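Structure assessment
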Amino acid sequence: MATISKVIKADLEKIFGEKVVFNHPLSKITTLGIGGGAQYFISAQHKEDIIRAIHFAKKHFIPHYLIGGASNIVANDKGIFGIVIQNSLQTLQINAEKQICYVGAGHPLLSLVHALNRHGLSGMEKMAGIPGTIGGAIYGCAGAYGQEIKNCLERVKIFDGEKTRWITKSQCRFGYRTSIFKQRKNRIILEAEFQFTSADPKSLKKISRDIIKIRAKKYPPDLKCPGSFFKNIVIDAIRPVALKKQFLSKIDLQKINHGKLASGYLLEQIGAKGQKRGDIAVAEYHGNLIYNTGNGKSKDVKKLANLLKKKVQKKFGIILEEEIQYL
Ligand SMILES: Cc1cc2nc3c(=O)[nH]c(=O)nc-3n(C[C@H](O)[C@H](O)[C@H](O)COP(=O)(O)OP(=O)(O)OC[C@H]3O[C@@H](n4cnc5c(N)ncnc54)[C@H](O)[C@@H]3O)c2cc1C
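Calculation criteria
- The numbers attached to residues start from 1 for each chain and follow its sequence in the written order.
- Local features in a predicted model are, by the rule used here, given only for residues with pLDDT of at least 70; side-chain atom pairs are given and counted only at 80 or more, and totals for whole chains, interfaces and linings are based on all residues.
- Processing note: side-chain calculations cover all non-hydrogen atoms of the structure and skip hydrogens and water entirely.
- In these notes, residues near a molecule or strand are those with any non-hydrogen atom within 4 Å of it.
- Counting of polar contacts relies on pairs of N or O atoms within 3.5 Å, with two restrictions inside protein: one atom must be capable of donating a hydrogen and the other of accepting it, and residues adjacent in sequence are counted only when both atoms are side-chain atoms.
- A 1.4 Å probe and the Shrake-Rupley method give the accessible areas. Residues count as covered only by the protein chains that appear here.
- Grouping buried Ala, Val, Leu, Ile, Met, Phe, Trp, Tyr and Cys residues that are joined through side-chain atoms within 4.5 Å yields what is termed a nonpolar core.
- In this scheme, a residue with accessible area under 20% of its type's maximum is buried, one over 50% is exposed, and one in between is partly exposed, where area comes from a 1.4 Å probe on protein chains only.
- Think of it this way: any DSSP run of H or I at least four residues long counts as a helix, any run of E at least two long counts as a strand, and we number them from the N terminus.
- Throughout, a residue-residue contact means that at least one pair of heavy atoms, one from each residue, lies within 4.5 Å.
- Any two strands are treated as partners once DSSP identifies two or more bridges connecting them.
- Domain limits in this description derive from either an automatic procedure or a database domain assignment.
- Throughout, buried area stands for the accessible area (probe radius 1.4 Å) lost by two parts on being put together, summed over both.

Take the site of the ligand next. Close to the ligand lie 33 residues; Leu66, Gly68, Ser71, Thr133 and Arg215 are nearest. The separation between an oxygen atom of the ligand and a polar main-chain atom of Gly68 is 2.7 Å. For the ligand, a nitrogen atom lies 2.7 Å from a polar atom in the side chain of Arg215. Within the complex, the protein chains bury 92% of what would otherwise be the 960 Å² of accessible surface of the ligand.

Turning next to the nonpolar core. Residues Met124, Ile138, Phe181 and Phe194 are the most contacted members of the largest nonpolar core, which totals 33 residues. Those elements that provide at least two residues to this core are strand E7 (100-104), helix H3 (109-118), helix H4 (134-140), strand E11 (153-159), helix H5 (180-183) and strand E13 (188-195). In contact with Phe181, other than residues within four places in its own chain, are Ile138, Tyr139, Val156, Ile158, Ile167, Cys172, Arg187 and Ile189. If you look at the next biggest cluster of nonpolar residues, it comprises 29 residues, including Tyr265, Ala272, Ile280 and Phe316.

Burial within strand E5 (residues 80-87) is extensive, with seven of its eight residues counted as buried. Where strand E2 (residues 37-44) and E5 come together, six bridges link them in parallel fashion. Note on E5: the bridge partner recorded for Ile42 is Ile85.

Right, let's get into the sheet that holds strand E17 (residues 260-261). Pairing is antiparallel in the open sheet, where three strands are placed in the order E15-E17-E16. Both edges of this open sheet fall to strand E15 (233-234) and strand E16 (256-257), since each of them pairs with a single strand only. Across two bridges, the pairing between E15 and E17 is antiparallel. Each residue of the ladder has a partner; that of Ile233, found in E17, is Leu261.

Right, let's talk about the domain arrangement of the chain for a bit. Each domain of the chain was delimited in the assignment, giving domain 1 (6-87), domain 2 (92-217) and domain 3 (228-326). Just the C-alpha atoms count here: the centres of domain 2 and domain 3 sit 27 Å apart. Opposite the seven residues of domain 2 that make contact, domain 3 presents seven residues. Counting the surface domain 2 buries against domain 3, the share from its top three residues, Tyr176, Arg177 and Lys182, is 78%. Counting every contact that joins domain 2 to domain 3 gives two residue pairs in polar contact (both at pLDDT 80 or more).

So this is what it looks like as structure tokens:
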């Protein structure tokens, strides 16, 4: 457990009151149910909280980290030294007539989808069931069933460590499960503007409902996991060309879908399903689903993930990339 400085504690309590907690167990908030204590944990309900926390961390030379719903995170068992800021900016403004929406980055994605469906605004209904916040979804360019967060996004309000400003969608440099925010960790997403199209609320609600039902089979509600562990393989991104050729000769080409190969397929080929390290296991029904069977540890997640990566590399010559973020 991290030592709490009395001076820092007093200063933080003065600024943040009840919003700051000390040695807060991250295992209680990550969907994987793993993680030691965050030395200083702040639940930020206003953008000023985030800005103040970052300025405070810089002034005191303390590392700081931002999280949203903690649904894509593997947090260290040993805990996190520094300030962990949880983004809880939940503002929501929907203008159904103009089909525009402004949403705080800490707003839960699912709750936004439900609100949009009620207003008859289409563009995110197939993303129903992805856990986490809007900020987390933008960070990782989340998506499902052919819809991605970037599709209807117009611009994003960020704090870059010095000032707040809007950046355009193209400045976000979205790609498959990636964005500029993965490279520029100092850019904090505060708010987003979306533009949707109109549709019948009833059919939107049905689409979301059906998708949630399908998803519940892969991700039962009590499953402790961070979603898909590894990114799928974008075939055209495999370099050099010789490696791509060799790779394609080793796989069933029928498995390529819209230019991507599910990493779950490769993981199945190396016998990942059902493998275990401590209380961490690969699902018997899905090679790319790593979950916590009870009292899992981040060190076992890493061990298992690294073993799987090595086996895939040995058999197929390519290195799987984690979709999850280690904290
Ligand atoms: C059961 C289950 C199913 C899932 N299914 C899908 C799926 O179908 N598709 C999919 O794409 N993902 C899926 N995921 C993964 C996850 O839900 C998404 O990646 C989600 O968008 C993460 O959001 P979050 O708020 O939880 O982010 P967190 O896990 O809290 O954070 C993830 C990363 O984003 C950064 N971040 C978070 N908020 C901000 C912000 N405001 N500004 C800057 N950086 C920020 C964090 O620093 C961290 O590096 C699934 C996860 C689970 C548990």
